[in-house]
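# Understanding the architecture of this molecule
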Amino acid sequence: MATIKGIKAGTTTITARYGSLSSTVNLTVAQLDVKNATIGALSNQTYTGSAFKLKPTVTMTVGGVSTTLVENTDYTLSWNSNSDGTACTAVGTITVTVKGQGNYKGTNSTRTYQIASA
């Protein structure tokens, strides 16, 4: 049994040769959905007037093997705006959304943190 590393989501052709014999197979690798990812905890913050765009650790576990995903390669982050339109600066609850890209698809927006009054 061989392990093939470095194959990205999509379809690739693999050809094995032994002497004059050869065999070709098409291998399709599906994108994994980040809705199944684990989003690390974020600490609550105290209001300072500055933006708090906290970045969680994002990990994906498949077949018992956990991999830490890389921002801007495997996913992007976005933060909601508070009700007054200020992005991550005002007192309130901030929701972080993880959106898959590259070998990952889907969205996961289950992580929140609070900006509390000073």
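Coordinates for the structure precede this section.
As the structure is a prediction and not an experimental result, all values here were calculated from the model.

### As for the environment of Gly106
Inspection of the secondary structure puts Gly106 in the loop between strand E10 (104-105) and strand E11 (107-116). By relative accessible area, Gly106 is classed as partly exposed at 32%. In this structure the C-alpha to C-alpha distance between Gly106 and Asp33, which are 73 residues apart in sequence, comes to 5.3 Å. Leave out the neighbours within four places in its chain, and Gly106 touches Asp33, Val34, Val98, Lys99 and Gly100.

### Things to note about the pairing of E11
Two strands pair when backbone bridges link them, and strand E5 (residues 45-46) and E11 are joined in this way by two bridges, in the parallel orientation. Looking at the pairing, Gln45 lines up with Ile115 of E11. As paired elements, strand E9 (residues 92-100) and E11 share seven bridges and run antiparallel to each other. Within E11, the position partnered with Gly92 by the bridge is Ile115.

### Quick notes on the pattern of salt bridges
Taken as a whole and assessed by the stated rule, the structure comprises one salt bridge. The salt bridge partner of Lys55 is Glu71, with a shortest N-O separation of 3.4 Å. With a gap of 16 residues between them, Lys55 in the loop between E5 and strand E6 (58-62) and Glu71 in the loop between strand E7 (65-68) and strand E8 (75-79) connect regions that are remote in the sequence. Look at Lys55 and you get exposed, because its relative accessible area is 53%. Glu71 sits in the partly exposed class, given a relative accessible area of 24%.

### Here we look at the nonpolar core
In this structure, Val58, Leu69, Trp79, Val98 and Tyr113 are the most contacted members of the largest nonpolar core, which totals 19 residues. Secondary structure elements with two or more residues in this core: E6, E8, E9 and E11. The contacts of Val58, once residues within four sequence positions are left out, are Ala37, Thr38, Ile39, Thr67, Thr68, Leu69, Tyr75 and Val98.

Rules behind the numbers
Residues numbered from 1 in each chain as written. Predicted model: local features only at pLDDT ≥ 70, side-chain atom pairs only at ≥ 80, totals over all residues. Heavy atoms only, no water. Helix = DSSP H or I, 4+ residues; strand = E, 2+ residues; numbered from the N terminus. Buried < 20%, exposed > 50% of the residue type's maximum accessible area, 1.4 Å probe, protein only. Contact = heavy atoms within 4.5 Å. Pairing = 2+ DSSP bridges. Salt bridge = Lys/Arg side-chain N within 4 Å of Asp/Glu carboxyl O. Core = buried A, V, L, I, M, F, W, Y, C linked by side-chain atoms within 4.5 Å.

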